[in-house]
Amino acid sequence: MKELVEVIAKSLVDHPEEVTVTVTETEDDKSIVIELRVAQEDMGKVIGKQGRIAKAIRSVVKAAASRADKKVIVEIMQ
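Residues numbered from 1 in each chain as written. Predicted model: local features only at pLDDT ≥ 70, side-chain atom pairs only at ≥ 80, totals over all residues. Heavy atoms only, no water.

Caption draft 1: Representation of the overall build of the protein chain. For the protein chain, the count of helices and strands is three helices and three strands. Walking the protein chain from its N terminus toward its C terminus, one meets helices and strands in the order α-β-β-α-α-β. Taken along its principal axes, the extent of the C-alpha atoms in the protein chain is 35 × 20 × 15 Å. Relative to its full complement of 78 residues, the protein chain shows a buried share of 29%. With 13 positive and 14 negative side-chain charges, the protein chain shows a spacing of 8 Å between the two charge centroids. (Helix = DSSP H or I, 4+ residues; strand = E, 2+ residues; numbered from the N terminus. Buried < 20%, exposed > 50% of the residue type's maximum accessible area, 1.4 Å probe, protein only. Lys, Arg positive; Asp, Glu negative; His and termini not counted. Charge placed at Lys NZ, Arg CZ, Asp CG, Glu CD.)

Caption draft 2: Spatial organisation of the side chain of Ser31. On the secondary structure map, Ser31 appears in strand 2 (residues 31-37). Separated by 3.0 Å, the side chains of Ser31 and Thr26 make a polar contact. If we ignore the near neighbours within four places in the chain, the residues touching Ser31 are Thr24, Glu25, Thr26 and Lys71. (Polar contact = N/O pair within 3.5 Å; in protein donor to acceptor, adjacent residues only side chain to side chain. Contact = heavy atoms within 4.5 Å.)

Caption draft 3: Structural detail: the pairing of strand 1 (residues 20-25). Summarising the sheet, strand 1 and strand 2 pair through six bridges and their orientation is antiparallel. Residue pairing in the sheet places Thr24 in a bridge with Val33 of strand 2. Between strand 1 and strand 2, which follow one another and run antiparallel, lie five residues, and Asp29 among them has a positive phi close to 60°. (Pairing = 2+ DSSP bridges.)

Caption draft 4: Summary view of the nonpolar core. Counting residues in hydrophobic clusters, the biggest one holds 17 residues, and the most contacted among them are Val19, Ile34, Leu36, Val38, Val61 and Val72. Of all elements in the fold, only helix 1 (2-12), strand 2, helix 2 (43-47), helix 3 (52-66) and strand 3 (71-77) reach the threshold of two or more residues within this core. Beyond its immediate sequence surroundings of up to four residues, Val72 is in contact with Ile32, Ile34, Val61 and Ala65. (Core = buried A, V, L, I, M, F, W, Y, C linked by side-chain atoms within 4.5 Å.)

Caption draft 5: Just the pattern of salt bridges, in detail. Counted according to the given criterion, the structure contains four salt bridges. Measuring nitrogen to oxygen at the nearest pair gives 3.2 Å for the salt bridge that ties Glu6 to Lys10. Within this pair, Glu6 and its partner Lys10 are both found in helix 1, separated by four residues, close to a single helical turn. Two residues, Arg37 and Glu35, come together in a salt bridge whose shortest N-O distance is 3.5 Å. (Salt bridge = Lys/Arg side-chain N within 4 Å of Asp/Glu carboxyl O.)

By themselves, these are just geometric observations and shouldn't be taken as functional.
Okay, structure coming up:
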């Protein structure tokens, strides 16, 4: 999941070297929290108009996670 979010984010931004992805699993191992951090000037490109790009990223990751029977939460951090 981490690699998927990283590849998508790096393809969207102007500063791919500043993209960092952190993965944290919950204690019950049923859900995963993925934190995506990008440069401040790239936030708009990752979120998109009315959050469409962010929603699309979450949908793709959710589809990939369903194969592993896990719940994934993608948070876009500053």
